[in-house]
Amino acid sequence: MGKPQDTVLASMRPIMRRLLEMYGLDSGALARRAGIVLPEVIGPTDRIAADKADAVLQLAIPLIRDPAFGLQVARCWHPANLGVLGYAWLSSSTLRTGLRRMERYHRLIGDRGATEIEEVPRGIKVRFWGKRGDPAEVPVAAVVVDMAIALLLDMCRMNAGAALRPLAVSLRRRKPESTAPYERFFGCPVRFGAAENFFVLSRDDADALLPSSNKQLATVFDSMLGAELALHDKSDVIARCRAAVLEHLTSGEVSEEETAKLLHMSPRTLQRKLAEASLTYQQLVDATRRDLALRYVVDAGRSISDITFSLGFSQPSTFTRAFKRWTGRSPTDYRAGLAAVTAA
């Protein structure tokens, strides 16, 4: 069996259509040249081959004189274009929790790209990998990064307000002749030719309670997203491995050998498949625990001891050391910080 084809959510197509039509292009004609044929009514889980979506951009780039046109995607999107994830985003309590959702469920938007969130001293780093080659060398890769980073930041501005400004922005693409469009959009200096594509939000901006917050709706949407992701990733060994780890965490950390057995494969095969994704088994377990810990600790109704054993740690001190490694703060301090923001 060959590798599954990368796809993108079909409801993202209207974003591309609006963007191209801003520049006077016939998006329908370009889509047909790229081999994209969509039904009149797009289903909520319909998908397009990522190669064909990229082909539309390849056809459009030589026809558009604005090198920074990808940033205009911020004017072209609607939460509905992101499916259930768009509505889950709107109901997020803070930008941090919303961005964690994007990190967890980004494959529902598209397989050929990844959003990652990292704790840094000044706040949180929002990183995007386009998985289309080096943006400094591949025009489509550079435009996709511009679009993704612009969309992520505009999503934050939709929830937190148009005045939101990142602390820093770095892009892997070559420095354009004019950096002014980038500096106007981001509201801060932009570093080009960098090692990563990212922007940094301050801790205050990341943790401020959002007026659109709705925990009850967010819980419902998370359940729907989990089911969608399980269906989308049914052939993805990483998702299956993570599911096995989740199922057995409460009884302690399940070994690599035990997980391989649950997945009906040898430990060597599991190691090889994880290595293909640049992962080790321990890294996957650690990331799974981190994601759950960040979700559990915001629930004031759960004690630190309860969270400790739910995550398979033998004692609270072990969990506290791990949590400090992930966030730079103890679970108690992290929770107190969130409570202070909520009360403000």
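Residues numbered from 1 in each chain as written. Predicted model: local features only at pLDDT ≥ 70, side-chain atom pairs only at ≥ 80, totals over all residues. Heavy atoms only, no water.

Caption draft 1: View of empty space enclosed by the protein. All chains considered together, the criterion is met by one cavity of 30 Å³ or more. Looking at the largest cavity, its volume works out to about 640 Å³. In terms of lining residues, the largest cavity is bounded by 33 residues, among which V8, M12, I109, R132 and V144 are the most central. Every element with two or more residues in the lining of the largest cavity is listed here: β1 (7–9), α1 (13–22), α3 (50–60), β3 (114–120) and α6 (139–160). With six residues, the single largest contributor to the lining of the largest cavity is α6. By residue class, the composition of the lining of the largest cavity is 23 nonpolar, five polar and five charged. (1 Å grid on protein atoms, 1.4 Å probe; cavity = no way out; pocket = protein on both sides within 12 Å on 5 of 7 lines; lining within 4 Å. Points joined across faces, edges and corners; volume = space filled by probe spheres on them. Helix = DSSP H or I, 4+ residues; strand = E, 2+ residues; numbered from the N terminus. Nonpolar A, V, L, I, M, F, W, Y, C, P; charged D, E, K, R; others polar.)

Caption draft 2: Up close: the pattern of salt bridges. Counted according to the given criterion, the structure contains 21 salt bridges. Connected through salt bridges with shared partners, the residues R96, R100, E103, E119, R203, D207, R290 and D291 form a single ionic network. (Salt bridge = Lys/Arg side-chain N within 4 Å of Asp/Glu carboxyl O.)

Caption draft 3: Structural detail: the side chain of S310. Residue placement: S310 occurs in helix α14 (residues 304–310). In terms of polar contacts, S310 uses its side chain to reach the side chain of R302, at 2.9 Å. S310 has contacts with L249, T250, Y296 and R302, leaving out every residue within four places of it along the chain. (Polar contact = N/O pair within 3.5 Å; in protein donor to acceptor, adjacent residues only side chain to side chain. Contact = heavy atoms within 4.5 Å.)

Caption draft 4: Quick look at the pairing of strand β4 (residues 123–129). The buried count for β4 comes to six of seven residues, which makes it a mostly enclosed element. With seven bridges joining them, β3 and β4 adopt antiparallel strand pairing. Across the sheet, residue E118 finds its bridge partner in β4, namely K125. Remark: two residues form the turn of the hairpin made by β3 and β4, two consecutive strands paired antiparallel. Of the pairings in the sheet, the one linking β4 to strand β7 (residues 198–202) comprises five bridges and is antiparallel in character. Residue pairing across strands places G123 opposite S202, the latter belonging to β7. (Buried < 20%, exposed > 50% of the residue type's maximum accessible area, 1.4 Å probe, protein only. Pairing = 2+ DSSP bridges.)

Caption draft 5: Representation of the packing of helix α10 (residues 237–248) against helix α13 (residues 281–296). Two elements in contact, α10 and α13, have axes whose closest approach is 10 Å; the angle formed by their N-to-C orientations is 65 degrees. Crossing geometry of α10 relative to α13 is assigned as right-handed. Across the interface between the two elements, I238, C241, R242, V245 and L246 from α10 touch Y281, L284, V285, A287, T288, D291 and L292 from α13. Taken together, the residues that form the contact of α10 with α13 break down as nine nonpolar, one polar and two charged. (Axes fitted to C-alpha atoms, helices over the stretch in contact; angles between N-to-C directions. Left-handed = near helix turned anticlockwise from the far one by under 90°.)

Caption draft 6: Molecular detail of the sheet that holds β4. If you trace the five strands from one edge of the open sheet to the other, you get β3-β4-β7-β5-β6, paired in mixed fashion. Edge positions in the sheet fall to β3 and β6 (190–191), since each has one partner strand and no second. The strands that helix α5 (residues 95–105) touches are β3, β4 and β7; relative to β3, the one it contacts most, it runs at about 140 degrees.

Caption draft 7: How the structure looks around the packing of α13 against helix α15 (residues 316–327). Closest axis-to-axis distance for the α13/α15 pair is 11 Å, and the angle between their directions is 90 degrees. The angle between α13 and α15 falls in the class roughly perpendicular. In this structure, α13 uses D286, R289, R290, A293 and L294 to contact α15, whose residues at the interface are F319, F323, R325, W326 and T327. Of the residues belonging to the contact of α13 with α15, the class tally is five nonpolar, one polar and four charged. (Parallel < 35°, antiparallel > 145°, perpendicular 65-115°, else oblique.)

Caption draft 8: Spatial organisation of the side chain of H106. Inspection of the secondary structure assignment puts H106 in the loop between α5 and β3. A relative accessible area of 12% means that H106 is categorised as buried. A distance of 3.2 Å separates a polar atom in the side chain of H106 from the backbone oxygen of G113.

Caption draft 9: The environment of L292, seen in detail. Relative to the elements of secondary structure, L292 occurs in helix α13. Relative accessible area serves as the criterion here: at 10%, L292 is assigned to the buried category. In this structure, the C-alpha to C-alpha distance between L292 and L246, residues 46 residues apart in sequence, is 9.1 Å.

Caption draft 10: Representation of the packing of aromatic side chains within the structure. In this structure the tally under the stated criterion is nine aromatic pairs. A centroid spacing of 5.6 Å and a plane angle of 45 degrees characterise the contact between F313 and F319, whose relative ring orientation is tilted. Owing to a relative accessible area of 9%, F313 belongs among the buried residues under this scheme. Residue F319 is classed as buried on the basis of its relative accessible area of 0%. Ring-pair connections join several aromatic residues into one group, and the members of that group are F313, F319, F323, W326 and Y334. (Phe/Tyr/Trp six-rings, centres within 6.5 Å; stacked < 30°, edge-to-face > 60°.)

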